[in-house]
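One-letter residues, chain by chain:
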Amino acid sequence: MTALGKDVSWIEPAIDALDDPSRMDAAIAALESARQSNAVAPNTLFLFYVLLGLADHAFAIADPRWRTAVSRTCGCSFRRRRRCADVRFIELAGRMGLVGYWERHGWPGLVAQKA
């Protein structure tokens, strides 16, 4: 299955796993295949990893240039408390300039302040 010349077969397994966690292995395999074949944009892949609760996968590909996407993704993810408390999130947010912003204007309620 393709759209705009890209394989989109990864979408259905990823969506299915959002509804049914028992399908997570199929989603991870589909997303990894899509990543390796460049069938999915890295920021979209990051979003799916976050929404599926795959913090290790998400942080492995996170790019500081995605400041808006990372900030919004953390805010919309229903499992966000655990992920935003992860020290890797604070490090990534720091590289994006978000920590400096939060220090000046106040920290979001669900993000743990740096010690």
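Above this text is the structure in question.
Description of the structure in this document. (Residues numbered from 1 in each chain as written. Predicted model: local features only at pLDDT ≥ 70, side-chain atom pairs only at ≥ 80, totals over all residues. Heavy atoms only, no water.)

**With respect to the packing of aromatic side chains**
Right, so step 1: Overall, the coordinates contain one aromatic pair when judged by the stated rule.
Right, so step 2: Centroid distance Trp10 to Phe48: 5.3 Å. Interplanar angle 85°. Geometry classified as edge-to-face. On the criterion of sequence distance, the pair formed by Trp10 in the loop between β2 (6-7) and α1 (11-19) and Phe48 in helix α3 (residues 42-51) is long-range, its members being 38 residues apart.
Right, so step 3: Accessibility expressed as a relative area gives 7% for Trp10, which makes it buried.
Right, so step 4: Phe48 sits in the buried class, given a relative accessible area of 11%. (Phe/Tyr/Trp six-rings, centres within 6.5 Å; stacked < 30°, edge-to-face > 60°. Helix = DSSP H or I, 4+ residues; strand = E, 2+ residues; numbered from the N terminus. Buried < 20%, exposed > 50% of the residue type's maximum accessible area, 1.4 Å probe, protein only.)

**Concerning the pattern of salt bridges**
Right, so step 1: Summed over all chains, the structure comprises three salt bridges.
Right, so step 2: Where Arg23 meets Asp16, a salt bridge forms, and the shortest distance between an N and an O atom there is 3.2 Å.
Right, so step 3: Looking at Arg23, the relative accessible area reads 41%, which means it is partly exposed.
Right, so step 4: A residue is classified by how much of its surface remains accessible, and Asp16, at 24% relative accessible area, is partly exposed.
Right, so step 5: Measuring nitrogen to oxygen at the nearest pair gives 2.4 Å for the salt bridge that ties Glu32 to Arg35. Residue Glu32 and its partner Arg35 are located together in helix α2 (residues 24-36), separated by three residues, close to a single helical turn.
Right, so step 6: Exposure remark for Glu32: the relative accessible area of 24% places this residue in the partly exposed category.
Right, so step 7: Arg35 gets classed as partly exposed once you look at its relative accessible area, which sits at 36%.
Right, so step 8: Connected through salt bridges with shared partners, the residues Asp16, Asp20 and Arg23 form a single ionic network. (Salt bridge = Lys/Arg side-chain N within 4 Å of Asp/Glu carboxyl O.)

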